[in-house]
Amino acid sequence: MLEGILSISGQPGLYKLVTQAKNGIIVESLDTKKRMPVYSNAKVSALEDIAIFTSGEEVPLKDVFLKIFSVENKKETSVNKNSSNDEIKDYFEDILPEYDKDRVYVSDMKKVIAWYNTLLANGIITTEAAEKKADVAEASAEEAKVETEAKPKVAKAKAAPKTKPATNVKTE
């Protein structure tokens, strides 16, 4: 779902990877549909690599987007990036109650909301993507169950510690 979608530091909006050039990449803006080069010294982040800090494990951005998609009934968010900080915090807590309040800033929440609305407007977040995510989760849960039932765990024996031969030993 988020493959090839990029955020470029210093540039507004999201971009789609078009191709690689000899000294960088060529991207296309999701908002204006204009193409532009991005050189190797620019800070580029792939959305599929971004995760939100929580009290437990980090939650991938894709899962956050799908949660917003289901809560908002496949529509744009009820708050926008220009809403008050308290409204944005309350909204984000409804979407992801276990987010880390010390490490996730309001500016990050605003980006997530803006990115979600952009991806929805461009048809990247769809019902099919949400259903595919649910199917993958069910399949992986079934595979994990089958693997644990089929293979009993066997403890591995520890190898003896390696010793170095003495090099400074004099023989008489």
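Residues numbered from 1 in each chain as written. Predicted model: local features only at pLDDT ≥ 70, side-chain atom pairs only at ≥ 80, totals over all residues. Heavy atoms only, no water.

Summing up its helical and strand segments, the protein has 4 helices and 7 strands in all. For the protein, the α and β elements follow one another from N to C terminus as β-β-β-β-β-β-β-α-α-α-α. Counting all 172 residues of the protein, 30% fall into the buried class. Within the protein, residue pairs in contact and separated by at least 24 positions form 54% of the contacts whose partners lie at least 6 positions apart. Of the roughly 12400 Å² that the protein leaves accessible, carbon and sulfur atoms contribute 50%. (Helix = DSSP H or I, 4+ residues; strand = E, 2+ residues; numbered from the N terminus. Buried < 20%, exposed > 50% of the residue type's maximum accessible area, 1.4 Å probe, protein only. Contact = heavy atoms within 4.5 Å. Areas by Shrake-Rupley, 256 points an atom, 1.4 Å probe, with all protein chains shown as cover.)

Another point: the nonpolar core. Formed by 32 residues in total, the largest nonpolar core has its most connected members in Leu-47, Ile-52, Phe-65 and Leu-119. Sort the elements by how many residues they give to this core and helix α3 (residues 106-121) lands first, with 8 residues. Discounting chain neighbours no more than four positions away, the residues touching Phe-65 are Met-1, Leu-2, Leu-47, Val-112, Trp-115, Tyr-116, Leu-119 and Ile-125. By size, the runner-up hydrophobic cluster in this structure holds 7 residues, among which are Leu-6, Tyr-15, Ile-25 and Ala-46. (Core = buried A, V, L, I, M, F, W, Y, C linked by side-chain atoms within 4.5 Å.)

What follows covers the pattern of salt bridges. Close approach of charged atoms allows side chains of opposite charge to pair. Enumeration according to the criterion identifies 2 salt bridges in this entry. For the salt bridge of Arg-103 with Asp-100, the shortest nitrogen-to-oxygen distance reads 3.0 Å. The buried category is assigned to Asp-100, whose relative accessible area is 18%. (Salt bridge = Lys/Arg side-chain N within 4 Å of Asp/Glu carboxyl O.)

It is worth spelling out the pairing of strand β3 (residues 24-29) at this point. Taken across its 6 residues, β3 has 5 buried, putting it largely inside the fold. As defined by bridge partners, strand β2 (residues 14-21) adjoins β3 across 6 bridges and the pair is classed as antiparallel. If you follow Leu-17 over to β3, its bridge partner there is Val-27. Counted along the chain from β2 to the antiparallel partner β3, the turn is 2 residues long. (Pairing = 2+ DSSP bridges.)

To continue, consider the layout of surface pockets. Empty space among the atoms becomes apparent when a probe as large as a water molecule is rolled across them. Empty space within the largest pocket amounts to approximately 740 Å³. As for the largest pocket, its lining consists of 28 residues, of which Ser-7, Asp-108, Lys-111, Val-112 and Trp-115 are closest to the centre. The set of elements that each furnish at least two residues to the lining of the largest pocket consists of β1 (5-8), β6 (51-52) and α3. Of the residues belonging to the lining of the largest pocket, the class tally is 11 nonpolar, 9 polar and 8 charged. (1 Å grid on protein atoms, 1.4 Å probe; cavity = no way out; pocket = protein on both sides within 12 Å on 5 of 7 lines; lining within 4 Å. Points joined across faces, edges and corners; volume = space filled by probe spheres on them. Nonpolar A, V, L, I, M, F, W, Y, C, P; charged D, E, K, R; others polar.)

Across the sheet, which stays open at both edges, the 5 strands sit in the order β4-β3-β2-β1-β5 with antiparallel pairing between neighbours. The open sheet terminates on both sides in strands that have one partner only, identified here as β4 (35-39) and β5 (44-46). Each strand of the sheet is rotated relative to its neighbour by a mean of 45°, with strand direction disregarded. In terms of strand pairing, β1 meets β5 through 3 bridges, oriented antiparallel. (Axes fitted to C-alpha atoms, helices over the stretch in contact; angles between N-to-C directions.)

On to α3. The end-to-end C-alpha distance of α3, which contains 16 residues, comes to 23 Å, matching closely the 22 Å that a straight helix rising 1.5 Å per residue would cover. Listed in full, the buried residues belonging to α3 are Val-106, Met-109, Val-112, Ile-113, Trp-115, Tyr-116, Asn-117, Thr-118, Leu-119 and Leu-120. Where α3 is buried, its residues touch β1, β2, β6, α1 (61-71) and α2 (85-95). Looking at the residues trailing α3, positive phi occurs at Gly-123, about 75°. (Expected span 1.5 Å × (residues − 1).)

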